[in-house]
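So you can see what is in the structure, the chains are spelled out below.
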Amino acid sequence: MPVFTVTGDVDPFLHVSMRRGETIYCESDAMVMMESTLDLKGKMKGGLGSALMRTFANGESFFQQHIEATRGDGDCLLSPTLPGAMQIVDCGPNQYIISDGAFVAASNGVDLKVRTQNIGNALFAQSGGFFVTETTGSGQVVVSGFGSMSMLDVEPGKDAIIDNAHVVCWDSTLRYEISITTGTSGGFLGNLINSQTSGEGMVLRFSGKGKVYVCSRNRNAFKAWMQQPARG
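About the cut-offs
Residues numbered from 1 in each chain as written. Predicted model: local features only at pLDDT ≥ 70, side-chain atom pairs only at ≥ 80, totals over all residues. Heavy atoms only, no water. Helix = DSSP H or I, 4+ residues; strand = E, 2+ residues; numbered from the N terminus. Contact = heavy atoms within 4.5 Å. Salt bridge = Lys/Arg side-chain N within 4 Å of Asp/Glu carboxyl O. Buried < 20%, exposed > 50% of the residue type's maximum accessible area, 1.4 Å probe, protein only. Pairing = 2+ DSSP bridges. Axes fitted to C-alpha atoms, helices over the stretch in contact; angles between N-to-C directions. Core = buried A, V, L, I, M, F, W, Y, C linked by side-chain atoms within 4.5 Å. Disulfide = S-S within 2.5 Å.

(A) Representation of the environment of Val-212. With respect to the element layout, Val-212 can be found in strand β19 (residues 210-215). Each C-alpha atom of the pair Val-212 and Asp-153 lies 6.6 Å from the other, and the pair is 59 residues apart in sequence. If near-sequence neighbours (up to four positions away) are discounted, Val-212 is found in contact with Ser-150, Met-151, Leu-152, Val-154, Ile-162, Val-167, Cys-169, Trp-170, Leu-174 and Phe-206.

This is the structure:
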C-alpha cells in the first residue's frame, strides 16, 4: 500500500512513497512534484454518476488526479488548497464523513460515496447541504484543515459541541445534529438571536462513540475578514 507521510511543520507537504503498480488519487491540482517513474492522469473516480454527485454535493473537481507507479517505485509531493495541517486517517473498520474541501488524497482501496442526510441537518449544514461525502472500502484517506488540527474523542454521555466551520471529518458511526446555539432554552427565535449576538453561528452536537477532527481556523470568517475595506 502507498505510504503517506506528512512532512514539514508549517503548511506541510504530503509525501507519498509508492511501489510499482500502486495507485493513489487526489483532489485536482494537489500534485506538486512527482518522480518520472509515476504517471498523472485525470479520471472520474467511480464513474460519471459518482463524479457528478461529488461535484454537486461539495464542490469537488469533476476529474480527480490519479497518480500511478507505472515504470517503477517512485515518490510524489502533494499539498492542499488552503494552508494548514493534514491528517492521515485509517479507513476499514471505521469510516468517516468528510467536510467540504477537506479531502486531499486516498489510497486506491478507499472510495468516496455521496449520501443524503436528514432535512434538519441539511438546512443548516455547511457539510454538503442535503448530501455528505462518506468513505468506504479499506486503506487510508488524507484530510486537511485550515490552520492547526486536533482529534477529539467522543464518548457516550459526553457529547461534543463544535462550531460547524471548524469540523474537518468525523467517524460515521457518530450521531450528529445541527443547532444554532449551545443553549437549550429560549425557543428558535431566541436561540437564533443569541447565536448572532454571541458570534457562535451554527454548531454540531456529536454523540455516541468515535473520533472528530477539527481545525483551528474558520475559512469563511477569514475570507470575510480579508474582504473588509482597509481602514485608515
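Read on, since the account is not over.
(B) Examining the pattern of salt bridges more closely. Applying the stated criterion across every chain, the model contains five salt bridges. For Asp-39, the salt bridge identified is with Arg-71, shortest N-O distance 2.8 Å. With Asp-39 in strand β5 (residues 38-43) and Arg-71 in the loop between β6 (64-69) and β7 (74-78), this residue pair connects regions lying 32 residues apart in the sequence. A relative accessible area of 46% means that Arg-71 is categorised as partly exposed.

(C) Fine view of the sheet that holds strand β2 (residues 13-18). On the basis of which strands lie adjacent, the open sheet formed by four strands has the order β1-β2-β7-β4 and antiparallel pairing. Of all the strands in the sheet, the pair left with one neighbour each is β1 (3-7) and β4 (31-34). Within this sheet the neighbouring strands show an average axis-to-axis angle of 20°, counted without direction. Sheet analysis places β1 next to β2, joined by five bridges and oriented antiparallel. What sits directly across from Thr-5, in β2, is His-15.

(D) Up close: the sheet that holds strand β15 (residues 160-163). Ordered by their spatial adjacency, three strands build an open sheet running β15-β18-β17, and the pairing between neighbours is antiparallel. The sheet is open, and its two edges are formed by β15 and β17 (175-179), each paired on a single side. The mean inter-strand angle of the sheet, taken between neighbouring strand axes irrespective of direction, is 25°.

(E) Focus on the nonpolar core. Of all hydrophobic cores here, the largest spans 18 residues; its most connected members are Ile-98, Val-141, Val-143, Met-149, Val-168 and Tyr-213. Sequence-distant contacts of Ile-98, that is, excluding residues within four places in its chain, are made with Phe-103, Leu-112, Thr-133, Thr-135, Val-141, Val-143, Val-168 and Cys-169. Counting 16 residues, the second largest nonpolar core, distinct from the first, contains Leu-14, Ile-24, Ala-30 and Ala-69.

(F) Region of the structure containing the environment of Val-114. Take Val-114: it is sitting in strand β11 (residues 110-116). Residue class for Val-114 comes out partly exposed when judged on its relative accessible area of 22%. Each C-alpha atom of the pair Val-114 and Thr-133 lies 4.6 Å from the other, and the pair is 19 residues apart in sequence.

(G) Up close: the state of the cysteines. Going through the model one piece at a time under the given rule, you end up with zero disulfides. Cysteine Cys-26 shares no disulfide, and the gap to the nearest cysteine sulfur, in Cys-76, comes to 7.2 Å. Of the cysteine sulfurs around Cys-91, a residue in no disulfide, the closest is that of Cys-169, at 8.4 Å. We classify Cys-91 as buried; its relative accessible area is 5%.

(H) Geometry of the pairing of β2. Alternating residues of β2 divide into Leu-14, Val-16 and Met-18, all buried, and Phe-13, His-15 and Ser-17, none buried. Count of turn residues in the β1/β2 antiparallel hairpin: five residues, of which Gly-8 carries a positive phi of about 105°. Note: β2 against β7, five bridges, orientation antiparallel. The residue of β7 that forms the bridge with Val-16 is Cys-76.

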